[in-house]
Structure formats: structure tokens, C-alpha cells
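In case you want the letters, here they are:
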Amino acid sequence: MTERPSITAFFPAFNDAGTIGSMVISVIETLEDLTDDYEVIVVENGSTDYTVQVLESLAAHYPRLRVFTHRQPLGYGGALRVGFASATKDLIFYTDGDAQYDPRELRLLLAAMHDEIDIVNGWKIDRSDPLHRKIIGRVYHHTVKLLFGFKLRDVDCDFRLIRRGVFDVVELESDSGTICLELVKKLQDAGYRFAEVPVHHYHRTYGQSQFFNFPRLWRTGVQLIQLWGKLVVRRQHMKQIAARRRKLGLPQP
């Protein structure tokens, strides 16, 4: 991009007290180098540790930080939907608050955001997780790629830079972790253009994953089947996308 864009950076946060402070400070320092017009949003999602206290302290020192606190968990998808809906800048960058990605690598995403690109998606150079998580992650990746026809190299890499205008056409509904599949599938079907860049992935240093436990994996499997029926079999979203594009005077994909 030739001009300095306006950017919203946001983090969903659940029991991320040990990492969210460094994430917020790192992204603010990065944004100050990239643009004069930015905001940072944290969507706190029913944490039971001291995440809220950390965020309150940060908000007192950083006027461009906006914190949304929810005592009842929204689910991962619910937190992302709040973040996307609350963003006010032209570009939206998001990643998780657990510090498994480096927000300073936002620079890499922005460098790939050309005029003909709508979404820049990271792909993990090497997944820094225990072996069992790597195995589950690869099975999940190949399964969803087959089921949904994804073209991305790494659909579950939650390190993305997105033009805010895409959400005038695409509406997200999921409350769970399957929102990432819904997001990519709807953007792909709506004809939006992706770029991909390699990013680093780090070991979790605080807290526990909310995804890699067997009850959650079972629920995710059920939700995957439901989402597949909605987006692949019935393709209910395509009429909504077409109607919104007509209303905005945009060409059909």
C-alpha cells in the first residue's frame, strides 16, 4: 500500500493475563510506526484470572485502547464478531491474546496488502505445539480443506489483516471456534482475494488451550458437520451475499 492506512488491531482474550499486556504494547508500538490513525481493541471473554485487571491498567495508560469486558463468555466466535463489529478503521488486524503469534509481524501482512488484495492470511512456518496437537491440527486442516474446498495453505492461522468493507457483504454467525472456517469460506465464496505470508508460531507460555481437549473436539466435530451442511450443501449464504452486493452496487462474484 502506498498510503498510510487506518488500522484497527484487536485481540480476543480469555484467561490471557500473563500475555495480553505484552501483546497490546507490542501492537501499539508497531502501529505507531505504520500509521497515524489506529485503534486497539481487546474483547475480554469471561476470564477467571486477572485479565480484566491487566486490561483496566493498560486502558488507563493507552488512550487508543478500547476494552470490551464480558462476564459471561461469548465463545471464541462471539468475541471475534464483537471485535469486527466494533472496528472503525479501514483495515482490521486480529490475532489471539495468548502470544503464540508476534503482533510485530503485522508489518509482513501490511506489506502484502496491495490494491487487488482484500485479506492477507498468515501461514505458520512451523507449529510450536506438543506433538499430539500437531497431529490433531494436521488432521483437522486436511479434513476441513476437503470438506469446504479451501484454497488457503493454513486456514486455521488466526493472524489476519482484512479490509473492513468485506463485512458490509459477509455476515458471520458462529459463536464457536468454527467461525474461522465460516469467515474464510464466506470470503472465498464472495469472491474476495487472498494473499498469504509466512509468520512465526511460538510455544504457549501462559494458560491452556481452549480447543485441544476431547469434549471440545467432540463439540467442534458436531459444529463442523452443521457448518458444512449450511455452507456447502445448502449454501444459504450465497443469496445474502448476492443481495448485499446488489444493494452496494458491487459486481457479483
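Since the model is a prediction, treat every value here as computed from it, not as a measurement.

Analysis parameters
- Residues numbered from 1 in each chain as written.
- Predicted model: local features only at pLDDT ≥ 70, side-chain atom pairs only at ≥ 80, totals over all residues.
- Heavy atoms only, no water.
- Helix = DSSP H or I, 4+ residues; strand = E, 2+ residues; numbered from the N terminus.
- Expected span 1.5 Å × (residues − 1).
- Salt bridge = Lys/Arg side-chain N within 4 Å of Asp/Glu carboxyl O.
- Buried < 20%, exposed > 50% of the residue type's maximum accessible area, 1.4 Å probe, protein only.
- Phe/Tyr/Trp six-rings, centres within 6.5 Å; stacked < 30°, edge-to-face > 60°.
- Lys NZ or Arg CZ within 6 Å of the ring centre and 35° of its normal.
- Patch = residues over 30% accessible without salt bridge, like charges linked within 9 Å, V, L, I, M, F, W, Y side chains within 5 Å.
- Areas by Shrake-Rupley, 256 points an atom, 1.4 Å probe, with all protein chains shown as cover.
- Polar contact = N/O pair within 3.5 Å; in protein donor to acceptor, adjacent residues only side chain to side chain.
- Contact = heavy atoms within 4.5 Å.
- 1 Å grid on protein atoms, 1.4 Å probe; cavity = no way out; pocket = protein on both sides within 12 Å on 5 of 7 lines; lining within 4 Å.
- Points joined across faces, edges and corners; volume = space filled by probe spheres on them.
- Nonpolar A, V, L, I, M, F, W, Y, C, P; charged D, E, K, R; others polar.
- Pairing = 2+ DSSP bridges.
- Axes fitted to C-alpha atoms, helices over the stretch in contact; angles between N-to-C directions.

1. Describing helix H8 (residues 237-248)
Here's step 1: Look at H8: 17 Å from first C-alpha to last across twelve residues, which is about the 16 Å you get at 1.5 Å a residue.
Here's step 2: Positive phi appears at glycine 249, one or two residues downstream of H8, with a value of about 75 degrees.

2. Thoughts on the pattern of salt bridges
Here's step 1: Scanning all chains against the criterion turns up 18 salt bridges.
Here's step 2: Residue glutamate 44 pairs with arginine 71 through a salt bridge whose shortest N-O separation is 2.8 Å. With glutamate 44 in strand S2 (residues 38-45) and arginine 71 in the loop between strand S3 (65-70) and helix H3 (76-86), this pair connects stretches of sequence that are 27 residues apart.
Here's step 3: What makes glutamate 44 buried here is its relative accessible area of 0%.
Here's step 4: Two residues, arginine 104 and aspartate 102, come together in a salt bridge whose shortest N-O distance is 3.0 Å.
Here's step 5: Three or more residues are tied together by salt bridges with common partners; here these are Glu173, Glu182, Lys186 and Lys230.

3. Focus: the packing of aromatic side chains
Centre-to-centre distance and the angle between the planes together describe a pair of aromatic rings.
Here's step 1: Under the defined criterion, the tally for this structure stands at seven aromatic pairs.
Here's step 2: An aromatic cluster is built from Phe10, Phe84, Tyr94 and Phe167, whose rings are joined through pairwise contacts.
Here's step 3: Taking NZ or CZ as reference, arginine 153 lies 3.6 Å from the ring centre of tryptophan 123, over its face.
Here's step 4: Between the NZ or CZ atom of arginine 245 and the centre of the ring of tyrosine 192, over which it lies, the distance is 5.2 Å.

4. Remarks on a nonpolar patch on the surface
Here's step 1: Where nonpolar side chains cluster on the molecular surface, the patch consists of Leu131, Ile135 and Val139 and spans about 310 Å² of accessible area.
Here's step 2: Mapped onto the elements of the fold, valine 139 is located in helix H5 (residues 131-148).
Here's step 3: Among the residues examined, valine 139 registers a relative accessible area of 52% and is labelled exposed.

5. Regarding the side chain of threonine 35
Here's step 1: Residue position: threonine 35 is located in the loop between helix H1 (20-34) and S2.
Here's step 2: By relative accessible area, which is 2% here, threonine 35 ends up buried.
Here's step 3: Of note is the side chain of threonine 35, whose polar atom sits 2.4 Å from the backbone oxygen of proline 5.
Here's step 4: Dropping the residues within four chain positions of it, threonine 35 is found in contact with Arg4, Pro5, Ser6 and Ile7.

6. Description of the side chain of glutamate 39
Here's step 1: Residue placement: glutamate 39 occurs in strand S2.
Here's step 2: A relative accessible area of 6% means that glutamate 39 is categorised as buried.
Here's step 3: Looking at glutamate 39, its side chain comes within polar contact range of the side chain of threonine 8, at 2.6 Å.
Here's step 4: Among residues more than four places away in sequence, those in contact with glutamate 39 are Ile7, Thr8, Ala9, Leu31, Arg64, Arg66, Ser86, Ala87, Thr88 and Lys89.

7. Some details on the layout of surface pockets
Here's step 1: Roughly 240 Å³ of internal volume is contained in the second largest pocket.
Here's step 2: Trp123, Lys124, Ile125, Asp126, Arg127, Lys134, Gly137, Arg138, His141, Arg153, Asp154 and Asp156 together form the lining of the second largest pocket.
Here's step 3: Mapped onto the lining of the second largest pocket, the elements with two or more residues apiece are strand S5 (119-124) and H5.
Here's step 4: Ranked by residue count, the leading element in the lining of the second largest pocket is H5, at four residues.
Here's step 5: Per-class residue counts for the lining of the second largest pocket are two nonpolar, two polar and eight charged.

8. Focus: the sheet that holds S5
Here's step 1: What the seven strands build is an open sheet, ordered S3-S2-S1-S4-S6-S5-S7; its pairing is mixed. Edge positions in the sheet fall to S3 and strand S7 (194-199), since each of these pairs with one other strand and no more. Averaged over neighbouring strand pairs, the angle between their axes works out to 20 degrees when direction is ignored.
Here's step 2: Two elements, strand S1 (residues 7-13) and S2, share seven bridges in a ladder whose sense is parallel. Bridge assignment links alanine 9 to a residue of S2, and that residue is valine 40.
Here's step 3: Against the sheet, H3 touches S1, S2, S3, strand S4 (91-95) and strand S6 (159-163), its axis set at about 155 degrees to S2.

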